[in-house]
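# A look at the structure
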Amino acid sequence: MGKKKAGRTQKPASRRRMPPAPRVTTGDELKKSAKMWNGTVTVSEFVLHCAIDPEQRTITIVSLALIYLVTLIGNLLVIAVITMNPHLKTPMFLYICFLAIIDVVNSTNLIPRMLAILLFNSSTVPYGPCLLQLSVVYYLGVLEGNLLLVMACDRYVAVVYPLRYPSIVTSKVVWASIFLVNIIGAVILTPYLVYVRELSFCRTNVLPYCFCDYATMVQIACTNDPKYIVILSITTGISASYCVTLTLFSYYKIARAALKISSVKGKQKVFSTLLTHLLVVGLFYCPLMISYILPGVGVKLSAEACTSLIIVAILVPPMMNPLIYSFRNKEIKSSIHRLVTGKRTNPEIDDP
């Protein structure tokens, strides 16, 4: 009997030595899925927490769906018209076509995921696809900013040096500038890809954002080295500074050339184009500079404010670009009319 009692008393003791069952908390779940890699705690997935007021959820979903629909229809139509019409293989239209491709890819990279979160609460994103979305956002953002600069310079040469334009802006120059824009995007993206793999996520894997974003990852990471956020302010500040400065300088020279036009209608046309182009540039740069540069200098913005700024900067310009850069152009309008109706129109008499 004594042996049996001794045997019975050993079982509770063995149970006491077992580790307690983990509680269902974000930290515990993170530790279960976390992996150690060179001293860095990595995670297998992130959870996106889109900070949208429940009262504004429905209007946000409808707005995003409409923005995506208009962006797809407008930009795909521009791409189709330019690629199908051999008369539109000029430098200006090649730039417009490349801009439309960037806008389609960028919107497709962001809006479907945001709609899935808001509609179906599909907020879990694996680590690899999250880094891919982050990379595409930053890469295409740099591409679009530099392409807007190249397009402004193209218009500057066309207006200020109209007779020399065909010899200056050749097809080789166009493709070389597009290649250079891609190189700049790859160079600026590289430090982000290096730094984001150094981040350690030991507290949480919840990103308080509607999509995977480098700055948000830095905020939730356990790594406190300021270099991770400083690189964001430096690259955004430098790229935005030279792009905005040169773009505004090009439009300033165009405006000065427009003042020399004797026709009042001609002046109105040029200044109307300038104002609409500057509107797109402002919508693209101002929110990005506010949301990325201010955190780097110690100014904190609320999650709702950051989300709204990024949505305006990344999602609104792709919707407006076809209206401003393409559909106001008489050659584009003529080609769309012929594509839709099958009837040939004369772009010479079409309203600009």
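Above this note sits the structure.
So, here is what we can say about the structure in this document. (Residues numbered from 1 in each chain as written. Predicted model: local features only at pLDDT ≥ 70, side-chain atom pairs only at ≥ 80, totals over all residues. Heavy atoms only, no water.)

## Here's the deal with the overall build of the protein
The number of helices and strands found in the protein is 12 helices and five strands. Across the 352 residues that make up the protein, the buried fraction comes to 44%. Sequence-distant contacts in the protein: of pairs separated by 6 or more residues, those separated by 24 or more amount to 74%. Working note: accessible area of the protein is about 19,000 Å², and carbon and sulfur atoms make up 66% of it. (Helix = DSSP H or I, 4+ residues; strand = E, 2+ residues; numbered from the N terminus. Buried < 20%, exposed > 50% of the residue type's maximum accessible area, 1.4 Å probe, protein only. Contact = heavy atoms within 4.5 Å. Areas by Shrake-Rupley, 256 points an atom, 1.4 Å probe, with all protein chains shown as cover.)

## Topic: the side chain of glutamine 133
Secondary-structure assignment places glutamine 133 in helix 5 (residues 127-160). Within polar-contact distance, the side chain of glutamine 133 engages the backbone oxygen of asparagine 109 at 2.9 Å. Contacts of glutamine 133, omitting those with residues within four sequence positions, involve Asn109, Leu110, Arg113, Phe211 and Cys212. (Polar contact = N/O pair within 3.5 Å; in protein donor to acceptor, adjacent residues only side chain to side chain.)

## Let's talk about the state of the cysteines
Two cysteines whose sulfur atoms are joined by a covalent bond form what is called a disulfide. With the rule as written, the count across this model stands at two disulfides. For cysteine 130, the disulfide goes to cysteine 212, at an S-S distance of 1.9 Å. Of note, the bridge from cysteine 130 to cysteine 212 carries an S-S torsion of about -120° and is left-handed in sense. Separated by 82 residues along the polypeptide, cysteine 130 in helix 5 and cysteine 212 in the loop between strand 5 (206-207) and helix 8 (214-220) bring together distant segments of the chain. Bridging cysteine 202 to cysteine 222, the disulfide has an S-S length of 1.8 Å. Every disulfide takes its handedness from the sign of the S-S torsion; for cysteine 202 and cysteine 222 that torsion is -120°, giving left-handed. Of this pair, cysteine 202 sits in the loop between helix 7 (171-196) and strand 5 while cysteine 222 sits in the loop between helix 8 and helix 9 (227-259), and the two are 20 residues apart along the sequence. Its relative accessible area of 38% is what places cysteine 202 among the partly exposed residues. (Disulfide = S-S within 2.5 Å.)

Nothing here speaks to function; it is geometry throughout.
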